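# Chains, contacts and geometry: an overview
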Amino acid sequence: MPDLDRSGGRQRRARAGGAALVAVALGAATLGAVALGAPPARAAAPGSAPRSVPDSVPAGPDQPVETLEVTAPRLDRPAGARAFPMTCLAGDTLARSPSLRLDDILSQAVPGFSLFRRQSSLVANPTTQGVSLRGIGPNGAGRTLVLLDGVPLNDPFGGWVYWSALDPQALGAVEVVRGGGAGAYGNQALAGTIRLASRAPKPGTGAIEARGGRFGTVDVSARSTLGLGRAALTVSGRYFDSDGYHQLRPADRSPADRPAASRIGVVDARLAVPFGPDTELSAGLRWYDEARNNGFRAEVNDTRALDASLRLVHAPPAGPRAEVTAYYRTRDFAQTFAIATGAGVRQVLDQFDVPGRGAGLLAKARWPLGDALLGGDTVEWGVDLRYQDGETNERFRNLGDGFTRRRLAGGEQLFVGTWAEYGAAPGERLDLTAGVRLDHWRVFDGVRRETDRATGLVLRDDAIAARDAVTLNGRVGAVYALTPALDLRAGAYTGFRVPTINEYFRPFRVGNDITEANPGLDAERLYGAEAGVDWQPLPALRLEAGYFRNRLDGAVGNVTIAEGPGVFPPTGFVPAGGSLSQRRNIDRIVADGVETAARVALSPALDVRLGYQFVHARIAAFQARPELVGNRVAQSPRHTLTGAVDWRPWTPLRLNLTARHESARFDDDRNARRLAPVTLVDLRGDYRVAPGLDLFVAVENLFDAAVETRRAGDGTVTFGQPRLVSGGVRLRF
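Quick caveat: nothing in here was measured; it's all calculated off a predicted structure. (Residues numbered from 1 in each chain as written. Predicted model: local features only at pLDDT ≥ 70, side-chain atom pairs only at ≥ 80, totals over all residues. Heavy atoms only, no water.)

Under the criterion given, the structure shown has 7 aromatic pairs. Here the aromatic rings of phenylalanine 215 and tyrosine 245 are separated by 5.6 Å at their centres, their planes lie at 50 degrees, and the arrangement is tilted. Residue phenylalanine 215 is located in the loop between strand S8 (206-213) and strand S9 (217-228), and its partner tyrosine 245 is located in the loop between strand S10 (231-242) and strand S11 (262-274); the two are separated by 30 residues in the primary sequence. Chaining the aromatic ring pairs together yields one cluster made of Phe157, Trp160 and Phe333. Against the face of phenylalanine 240 rests arginine 101, its NZ or CZ located 4.6 Å from the ring centre. (Phe/Tyr/Trp six-rings, centres within 6.5 Å; stacked < 30°, edge-to-face > 60°. Helix = DSSP H or I, 4+ residues; strand = E, 2+ residues; numbered from the N terminus. Lys NZ or Arg CZ within 6 Å of the ring centre and 35° of its normal.)

Below, the discussion takes up the pattern of salt bridges. Evaluated as defined, the whole model comprises 59 salt bridges. Of the charged contacts in the structure, one is a salt bridge between aspartate 268 and arginine 286, with a shortest N-O distance of 3.8 Å. Highlighted residues: aspartate 268 in strand S11 and arginine 286 in strand S12 (residues 279-296), separated in sequence by 18 residues. Ionic contacts of the salt-bridge type, sharing partners, join the residues Glu394, Arg407, Arg448, Glu450, Arg460, Asp462 and Glu516 into one network. (Salt bridge = Lys/Arg side-chain N within 4 Å of Asp/Glu carboxyl O.)

For the rest of this paragraph, the subject is the pairing of S8. As judged from the 8 bridges shared by S8 and S9, these two strands associate in the antiparallel manner. Bridging from a neighbouring strand, glycine 212 pairs with valine 218 of S9. The loop that links S8 with its antiparallel partner S9 comprises 3 residues; one of these, phenylalanine 215, has a positive phi angle of about 65 degrees. With 7 bridges connecting them, S8 and strand S38 (residues 724-732) associate as antiparallel partners. Residue pairing across strands places alanine 210 opposite valine 729, the latter belonging to S38. (Pairing = 2+ DSSP bridges.)

Let's shift gears to the environment of phenylalanine 733. Looking at where phenylalanine 733 falls in the secondary structure, it is placed in the segment after S38. The spatial distance from the C-alpha of phenylalanine 733 to the C-alpha of glycine 206 is 5.3 Å, given a sequence separation of 527 residues.

The strand order across the open sheet formed by 5 strands is S1-S6-S7-S4-S5, and the pairing between neighbours is mixed. Edge positions in the open sheet fall to strand S1 (86-90) and strand S5 (151-152), since each of these has one partner strand only. Here strand S6 (residues 171-178) runs beside strand S7 (residues 192-198); their pairing, made up of 7 bridges, is antiparallel. Its bridge partner being in S7, valine 176 is matched across the sheet by isoleucine 194.

These values are about where atoms sit, not about what they do.
The structure is reproduced here in structure tokens:
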């Protein structure tokens with residue numbers, strides 16, 4: 001009989017709820033535009049728009065020598081937020097990186113940044129592209145919130161990020177804030193927040209970059225801004241196609257193994273309308289399409305996405321400031337999993353339709369209070385509303401004659417939060433910040449239904465109770481200038497993360513390794529503290545060092561239940577060489593770490609940046625599996641070193657070298673599958689042919705290091721990107 005249609009009643013409620021929320025959000029932003037619009041007498045010149053530089057960290061170690069790229073308007077960070085360390089990369093730094101993908105750029109610049117595995121988003125399955133910072137329990141969903149112009153990029157169904165949809169050429173700045181889940185960020189921001197800012201619209205300007213390289217790589221991106229009276233319209237796009245590379249050694253390949261190819265297309269349009277010099281309303285619309293194979297003949301995945309947003313910023317030089325952001329997002333994901341058999345290849349799971357939707361509204365305002373309390377006082381207050389839903393529709397149990405069963409699993413989530421944060425500068429040496437955040441979250445309309453495809457007989461229909469809770473979080477921080485060159489900083493914070501719809505409901509299989517979902521998962525809670533020093537004895541030299549301790553209670557991890565062959569609940573048969581895991585709450589993970597960074601401008605033409613992170617992340621308590629206590633957290637290396645050299649030996653030529661070293665990590669909770677340490681070096685050279693016209697050559701993984709990314713239960717090792725040489729042209733006008 002035909003496959004069951006998608007859960008119509010729940011889908012209609014989801015669409016209605018999402019549509020209602022986004023209507024309210026867009027309406028609120030539009031009304032705000034009218035209320036905050038400046039009078040005509042203060043109107044900007046035709047074609048102009050408000051400008052603001054990225055939130056600054058004075059000459060930080062990751063700060064490029066050149067002036068930061070101007071970005072789209074937004075509220076800056078309160079002064080007291082300097083208590084929480086931040087890495088800032090300018091748009092020009094991103095554009096000159098040797099790496100093709102933004103996640104690779106960040107991994108070379110920020111110690112502790114990684115996706116769930118060591119794989120680049122060039123070949124990584126989207127479901128493993130969640131972001132990790134500080135080694136605090138990496139997982140596919142990630143524990144870091146990623147924002148683009150205030151809009152969350154974490155997938156509404158699974159929490160991962162589609163890094164391939166982000167073109168570094170179109171960004172004006174990236175800020176990586178480590179630590180702290182309170183403040184404006186809320187759910188998902190346990191380990192930190194990554195804020196991406198689009199380049200500011202400048203009418204009459206644009207850029208085109210085209211490159212080609214090894215593995216049949218073709219990468220073309222373009223951006224142009226048109227002046228429409230006082231408004232500015234920026235349209236950008238990117239097309240990427242690669243034949244990919246084999247992820248297994250020749251001796252481990254079967255006839256069904258193939259290079260992991262990928263193809264993407266992105267179109268982005270942003271309209272900015274100024275209402276005077278201090279207020280701007282902007283609207284964004286982005287379409288994204290991706291097609292991949294996973295390195296195996298019958299394993300593919302595809303994604304289609306559409307994002308819409310509306311943002312209002314009112315940021316005068318003095319007086320109250322406000323920002324309102326509304327958005328609506330859709331995702332449609334599909335993928336298949338397969339295994340090699342004596343007769344060839346057999347698909348074992350077909351997740352043919354995995355839709356997800358999200359909508360939200362964030363509004364915040366900041367008031368200067370002068371010296372009302374401690375001096376230099378400011379107060380920020382905001383509200384945050386998020387709705388998301390998703391499901392997986394899949395065929396499974398293929399014994400050789402096709403799939404015999406059909407599964408529908410999914411649910412909905414709603415988050416409502418409010419926060420207030422106080423900042424003060426009592427005197428010239430001290431900055432203080434303190435904030436509190438209150439959230440109510442709810443997971444509801446959960447379903448997991450399995451049927452026989454031939455007869456329609458319902459074989460499983462779980463009764464999944466709704467879950468909800470109220471969480472209170474906060475943070476405090478201080479920065480004290482001991483001398484004009486030496487700052488001391490300290491902070492403490494709490495945070496939370498509700499498991500994603502994917503973690504609650506979607507099982508998956510990679511080869512013979514099976515991972516089950518768990519609708520009984522509890523929310524994660526983080527408690528953290530840190531202290532550090534920032535020393536800048538010379539304008540060209542800056543050093544940073546800090547210690548942090550994070551405790552994560554109820555961490556969601558893939559916990560091994562059994563090894564095949566055998567029949568094990570709740571899955572059934574697990575083949576030989578395979579394993580059965582389930583997402584479960586680990587009672588407690590503790591991570592102690594040290595971060596250091598240095599930046600030195602040896603000359604106007606030579607800039608060097610270095611970073612190091614040590615983190616000891618271990619399972620500190622797990623009553624259900626006491627044998628795991630003391631084990632290191634999977635996918636968390638102890639030592640990470642990064643370095644970058646920017647050298648201009650003469651005016652037309654610029655060389656950029658980046659490097660990253662990681663110590664060994666484990667691929668599993670039992671610490672039985674060890675992944676070897678690795679050192680990666682990338683190099684790029686740009687030659688200025690004429691003003692606005694550059695030729696470049698880039699080499700990723702210069703020394704062709706073997707990057708172990710996964711070790712299966714049968715010992716087979718998957719490898720990351722080998723040496724990739726590419727070159728091209730960049731035109732700016």
